[in-house]
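# Structural overview
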Amino acid sequence: MLLAYPFRVLVLRRSAPETATSTAVALLLAAGALGLVPTPVVIALAAGAGATLAGVRLSRLATRHRIDRSPRAAGVLLDAAVVTAGLTAVALPLVGGGHTVAVLVGALVVAALAGAGLCQLPGRTRQPTGLRLRWLVESAGPALGSALAGWLLLPHDGLPVPARLVAALALGGLGMAALNAFAGPRRHAATAVCRGGVLLTLGGLVLLATLPSAPTGRVALLAVPPLVFGMLLVAVGAADAAGTGDSGPPEPIASAWPRSVLPAAVLLLATGLHLGSGHAPDRTSVLLALAAVPPLVLRELLRAGDAPTSPRRAAHRRPAGSRVRHRHAAQPQWLGDLSPAQHRPDRADAVGGGPFTASAPGSTWSPEDDGGWSALTRRPAPAGGGSPGDRAALLDALAAIGDVPAPSGALLLVDLHGTDGAGPTAREDVLAEAVHRVRAVIAPDDLVTGCTAAGFAVVTPAGPMLAYALGTRLLAALAPPFEVAGAVVRVQTSIGLAEVSGDRPADVLRQAELARRRAVQLGRDRVEWYDAFLEEQLVRRLDLERELPGAVARGELDLVYQPVVDLADGQPVGAEALLRWRSPVLGTVLPAELLPVAEDLDLVGELEWWVLDRACRQLSDWSVGVRELWMAVNVTTRELTTPDFVQRTAAVLAAYGVPPERLVVEVSEPRVAGDLPTVVARLAGLRSLGVRTALDDFRAEHASLAQLRRLPIDLLKVGPELVGARPDGQPPLIDVVVNVGERLGVEIVAEELESSTQVEGARRGGCRYGQGFALARPATAERVEAYFEEFPSASR
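Just so it is clear, the model here is predicted, and its values are computed rather than measured.

## Considering the pattern of salt bridges
Taken as a whole and judged by the stated rule, the model has 21 salt bridges. For Glu556, the salt bridge identified is with Arg554, shortest N-O distance 2.7 Å. On the basis of relative accessibility, which here comes to 9%, the residue Glu556 falls in the buried class. Between Asp602 and Arg638 there is a salt bridge, and its shortest N-O distance comes to 2.6 Å. Of this pair, Asp602 sits in the loop between helix H21 (591–600) and helix H22 (604–621) while Arg638 sits in helix H23 (residues 637–640); the two residues are 36 residues apart in sequence, bridging distant segments of the chain. Because the salt bridges share partners, they merge into one network encompassing Glu576, Glu666, Lys717 and Glu751.

## Some thoughts on a negative patch on the surface
A contiguous patch of negative charge, built from Asp697, Glu721, Glu752 and Glu754, is present on the exposed surface. Summarising the element assignment, Asp697 is placed in strand E14 (residues 692–698).

## Digging into a nonpolar patch on the surface
Taken together, Val293, Val297, Leu298 and Leu301 make up a surface patch of nonpolar side chains, about 340 Å² in accessible area. As for its position among the elements, Val297 is in helix H13 (residues 293–306).

## Examining helix H20 (residues 532–547)
Residues spaced three or four apart along an α-helix face the same direction, because each turn holds 3.6 residues. For H20, with 16 residues, the first-to-last C-alpha span of 23 Å sits near the 22 Å given by 1.5 Å per residue. Restricting attention to buried positions, one finds in H20 the residues Leu534, Glu535, Leu538, Arg541, Asp543, Leu544 and Glu547. Those residues of H20 that are buried are in contact with helix H19 (505–521), strand E8 (526–529), strand E10 (572–583), strand E11 (587–589) and H21.

## Remarks on the side chain of Thr21
One can find Thr21 in helix H2 (residues 16–33). For Thr21, a relative accessible area of 12% translates into the label buried. There is a polar contact of 2.8 Å between the side chain of Thr21 and the backbone oxygen of Pro17. Look past the residues within four positions of Thr21 in its chain and what remains in contact with it is Ala49, Gly50, Leu53 and Leu232.

## Quick notes on the side chain of Arg682
Its location among the elements puts Arg682 in helix H26 (residues 676–689). Buried Arg682, no salt bridge; nearest opposite-charge side chain is Asp644, N-O distance 7.4 Å. Looking at Arg682, its side chain comes within polar contact range of the main-chain oxygen of Thr642, at 3.0 Å. Apart from the residues lying within four places of it in its own chain, the contact partners of Arg682 are Leu640, Thr641, Thr642, Pro643 and Val646.

## Brief notes about the nonpolar core
Of all hydrophobic cores here, the largest spans 75 residues; its most connected members are Tyr561, Trp581, Trp622, Val633, Leu695 and Leu716. Sort the elements by how many residues they give to this core and H22 lands first, with 9 residues.

## Looking at the pairing of strand E2 (residues 410–417)
For E2, the tally of buried residues reaches 8 of 8 residues, placing the bulk of the element in the interior. Of the two faces of E2, both are covered, the one formed by Ala410, Leu412, Val414 and Leu416 as well as the one formed by Leu411, Leu413, Asp415 and His417. Pairing analysis gives 6 bridges linking E2 to strand E4 (residues 455–460), with the strands arranged antiparallel. By the bridge assignment for E4, Leu411 is matched with Val459.

## Things to note about the pairing of strand E13 (residues 663–668)
Most of E13 is tucked away: 5 of the 6 residues are buried. Of the strand pairs in this sheet, strand E12 (residues 630–634) and E13 are connected by 4 bridges, and their pairing is parallel. The residue of E13 that forms the bridge with Asn634 is Glu666. Inspection of the sheet shows E13 paired to E14 by 5 bridges, in the parallel sense. When the sheet's bridge partners are listed, Glu666 is paired in E14 with Ala694.

## Considerations on the packing of aromatic side chains
Aromatic ring pairs are defined here through the distance separating the ring centres and the angle between the ring planes. This model, assessed by the stated rule, comprises 5 aromatic pairs. Note on Trp630 and Tyr769: the rings are 5.2 Å apart at their centroids and 85° apart in plane angle, and the pair reads as edge-to-face. A residue pair is termed long-range when its members are at least 10 positions apart, and Trp630 in strand E12 and Tyr769 in strand E17 (residues 769–770) qualify at 139 residues. Judged by relative accessible area, which is 4%, Trp630 ranks as buried. Residue Tyr769 is classed as buried on the basis of its relative accessible area of 6%. Relative to Phe791, the ring of Tyr787 has its centre 5.2 Å away and its plane inclined at 65°; by these criteria the two rings are edge-to-face. On the accessibility criterion, Tyr787 (17% relative accessible area) is buried. The exposure class of Phe791 is buried, given its relative accessible area of 18%. Taken together, the ring pairs connect Tyr787, Phe788 and Phe791 into an aromatic cluster. Positioned above the aromatic ring of Phe482, the side-chain terminus of Arg437 is 3.7 Å from the ring centre.

## Quick word on the environment of Val604
Tracing the backbone through its elements, the reader meets Val604 in helix H22. Since its relative accessible area comes to 4%, Val604 is described here as buried. Along the chain, Val604 and Arg638 lie 34 residues apart, while their C-alpha atoms are 8.7 Å from each other. Every residue in contact with Val604, bar those within four places of it in the chain, is listed here: Leu595, Ala598, Glu599 and Thr636.

## Looking at the packing of H20 against H21
Between H20 and H21, the shortest axis-to-axis distance is 10 Å and the interhelical angle comes to 65°. Taken as a pair, H20 and H21 cross one another with a handedness that is right-handed. The residues of H21 that touch H20, namely those facing Arg540, Arg541, Leu544 and Glu545, are Glu593, Pro596, Val597 and Asp600. Here the contact of H20 with H21 is composed, by residue class, of 3 nonpolar, no polar and 5 charged.

## What about the confidence of the model for the protein chain?
Considering every residue of the protein chain, the mean pLDDT works out to 76; 75% of them sit at 70 or more. Taking the mean pLDDT of every element in the protein chain, the minimum, 32, falls on helix H15 (residues 345–351) and the maximum, 95, on E17. Scored below 50 in pLDDT, residues 306–388 shows 167 contacts in the model against residues more than four places distant or in partner chains.

Thresholds applied
- Residues numbered from 1 in each chain as written.
- Predicted model: local features only at pLDDT ≥ 70, side-chain atom pairs only at ≥ 80, totals over all residues.
- Heavy atoms only, no water.
- Salt bridge = Lys/Arg side-chain N within 4 Å of Asp/Glu carboxyl O.
- Buried < 20%, exposed > 50% of the residue type's maximum accessible area, 1.4 Å probe, protein only.
- Helix = DSSP H or I, 4+ residues; strand = E, 2+ residues; numbered from the N terminus.
- Patch = residues over 30% accessible without salt bridge, like charges linked within 9 Å, V, L, I, M, F, W, Y side chains within 5 Å.
- Areas by Shrake-Rupley, 256 points an atom, 1.4 Å probe, with all protein chains shown as cover.
- Lys, Arg positive; Asp, Glu negative; His and termini not counted.
- Charge placed at Lys NZ, Arg CZ, Asp CG, Glu CD.
- Expected span 1.5 Å × (residues − 1).
- Contact = heavy atoms within 4.5 Å.
- Polar contact = N/O pair within 3.5 Å; in protein donor to acceptor, adjacent residues only side chain to side chain.
- Core = buried A, V, L, I, M, F, W, Y, C linked by side-chain atoms within 4.5 Å.
- Pairing = 2+ DSSP bridges.
- Phe/Tyr/Trp six-rings, centres within 6.5 Å; stacked < 30°, edge-to-face > 60°.
- Lys NZ or Arg CZ within 6 Å of the ring centre and 35° of its normal.
- Axes fitted to C-alpha atoms, helices over the stretch in contact; angles between N-to-C directions.
- Left-handed = near helix turned anticlockwise from the far one by under 90°.
- Nonpolar A, V, L, I, M, F, W, Y, C, P; charged D, E, K, R; others polar.
- pLDDT = per-residue confidence, 0-100.

Take a look at the structure:
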C-alpha cells in the first residue's frame, strides 16, 4: 500500500523509542475508549509522549548540523513546532471548556513554525507554477468532498456554524494535502514524509479544537492518532532529509487511486452516518457538494486533453533514427513500433504488400521524424536475440501515459500458443495476421508493439475496466483458426493485463508478464489481471519450481501418519502416510501445493515411489502385534497406470517383508474416469497380489455410483459432507453410499472428521472406519507409535 510508506518508515526503520511510544499511545487510546482514563488525560499523555520523542530527535538534528545552517534552522523550527503542538494538547485539561480558541491559536503557531522549517529542509524542490496549478485543480474536488464529509461528521451542537465550516474546510484541505504528500510523485522523499507529518499534526489539532473533550466524552480521542504520529513523522522525515540532503527523484508514475478513492469513501461513509442518524441535508451541505463539481469537471477535461496523445507522444519524442527492434531474428521484422500513424492504408500500400510488409531477416526498420514508415533502414539485428529496441519503445509508451498528474491506462501482453510446429515462415504469417486482427478491434490511439517471438503488447490509455473488455475482444478476434501456407493453424491466447498507475514502466511490464504467466497456468485462452496476491502466488510458484528438483536426494522429504480408527470400538486399524516437504528455504510444504508443481516438472513418479518405499519400511516396524495394522498410500492415476506399477509395488513389499494385505493403495475418484479401463486393470493386478485398494474423494453422484460398480476396490473413502443432513431435509447421502457399499462388499471410511458430531453421524450412518482431527491428528512415526501403544490389542 502506498499510503503505508511513511508508517513503514516510522515502524521498521526507526529504533525502539518510536515503537515503544506507538505502543504506549495505542494502550492509552484503548484505556480511554473503555472509560478507564479520562479523555483529556489520554490526549495530554499521548501528545506529550509524541512531542517529547519528536522534540529530542529534532534537537539532535539542530545540534548535529552546527556548520550547515540550513538543516540546523530546519531542526530548530520544526522542534519548536512539535513542542508547541505537544504543549497545546498537554494544556487541554487546564483550559477546560474554552479550549477551542486556545487550540486554534496553537495550531496557527505550529503552522507558521513548521512552514518556515520545511522551507529550510535540504533537498526541497520547487515545482513549476503550471504543475502546481495542475495539482491544485486535481486536488480541489476531492478536498471539497472531504470538507463535506467533515461538515457532516463534526458535532452539530456547541459549535457555531462558521467555526464548523472553517474546521471542515481546513480538515478537507489538510487531508488532501497529506494524501498528495504520501501518494504523490515524490512520496518516497524524506521531505514528503516530513511535510505529511506536519499536515497530520495540524489536522489533529483542528480535530482537537472542534471535538468535545469532556472527561466522559470519547470522540476527541480521534484527534490523537494524527497528532502523535504526525509529530513522529516530522522528526523522521526531517532527520532523513538532513542526512541525505536530497529529496530523491520523482516517481515516473504517481498513484492516482488514493487521492480519488479515499476521499470518496470517506464522503460515502459520512453521508451514510449523517442520514442514518436522522439528519437531513442542509444548505451548507448542498453548497459544498455543488462547489466540488466545477473542479471535477475541469480535471476530467484536462485528462481528456491529455489521454489521446499520450501513447503517440512516445513515438514522436524519440529522436530520428532511434531503433525500435524485434526480439530476435525469428520474430517478424515488421513487429517493431506499430503506432497508429504507421498503418494508414495509403502509407502501407505505398510500401507494398498491404498493411504489413516483412523486411529481410536480420534487418530492422527505423521510423523517421514524422512518426510514419517513410523509409526502411536495414541494420543488423541485435546479437544474441536480445531486443533493446522493442523494450525501449514499450517503456516509452508506458512512461508517456504516466506524464499526466493522474495517469490512467493499461498494458496487455498477448502471447500466442500453438505455432511452434508450423515452421518459422508460417509462424511469422500467423503473427502478422494476428496483429492485423488486433488492429481491427483496438482504438486509434492504442499502440501495438513487439514483445516476444510469439506475441506482442498493446498499450491503451483506457482505464482498467475498458482495458479488460479490450482483452476479451482480442481473445475473440484471435480465436478463429489461421490459414497460412495452405495449412490451418489453431492457436491459444494468453493475455496478461497490468494497470499503468502508481508504478514505474518497468514494474508495469513485469506485472503484465506475471499476469500473462498466470493465464498460461490456468489453461490459456483467458485474460488475467495483475494484483499483488497474484505476484505472491507466482513468486511462490517459481520458488517451488526452483527448489523441488533434488529434494529427494537432499533428504528433505518426510512422512507423517494419520491413524484410521474402527468406529465401533475406537481401536486403531491403520494409518495413512501423508507427504511433507521440509524445505530449508520454503518451510513445510503440503501435498496440495507440492503435487501440482511436481506434475508440471514430471517429478510425481519420483515422489510417489519414495513415499511407497518409506511407508512400507515403516509398516515393517509396525507389523508385530495382535492386531494387524495397515498403511495407506496415495498414488496418482498417472503413476498407477504405468505398465510396471504392480511389479514395482510387489518388489517394494518383498524388500521389507511386508504382507501385501497390510498395504492399501488409494487413488482419487475424480481422476479415474480419464483412463478407466487401465485403472481397473491396475487395481485388479494389485488385488491379485493381496494389496487392498481404496477409492478416495468419493462423490455421491450418479456417474460416480455407476463407475463404482466397475472398480475392484476394498475401501471407499467419503468426506464429511456426505455424513450430515442435507438442506432439503432428505436423509444424509451416506445412507445411499453405505447401501451400495454393502451390496458391492466395500467398507466405508469417513475421512476429514473434525467434530464429535461428524464422528457420531458417520457411526450412525454405518461407516466402518473413521479418520480426521476429531479422532487423531497426523503425527510423526514416533508419536503415532506411542498412540498405538495406548491400545494394547493394536500395539506391538
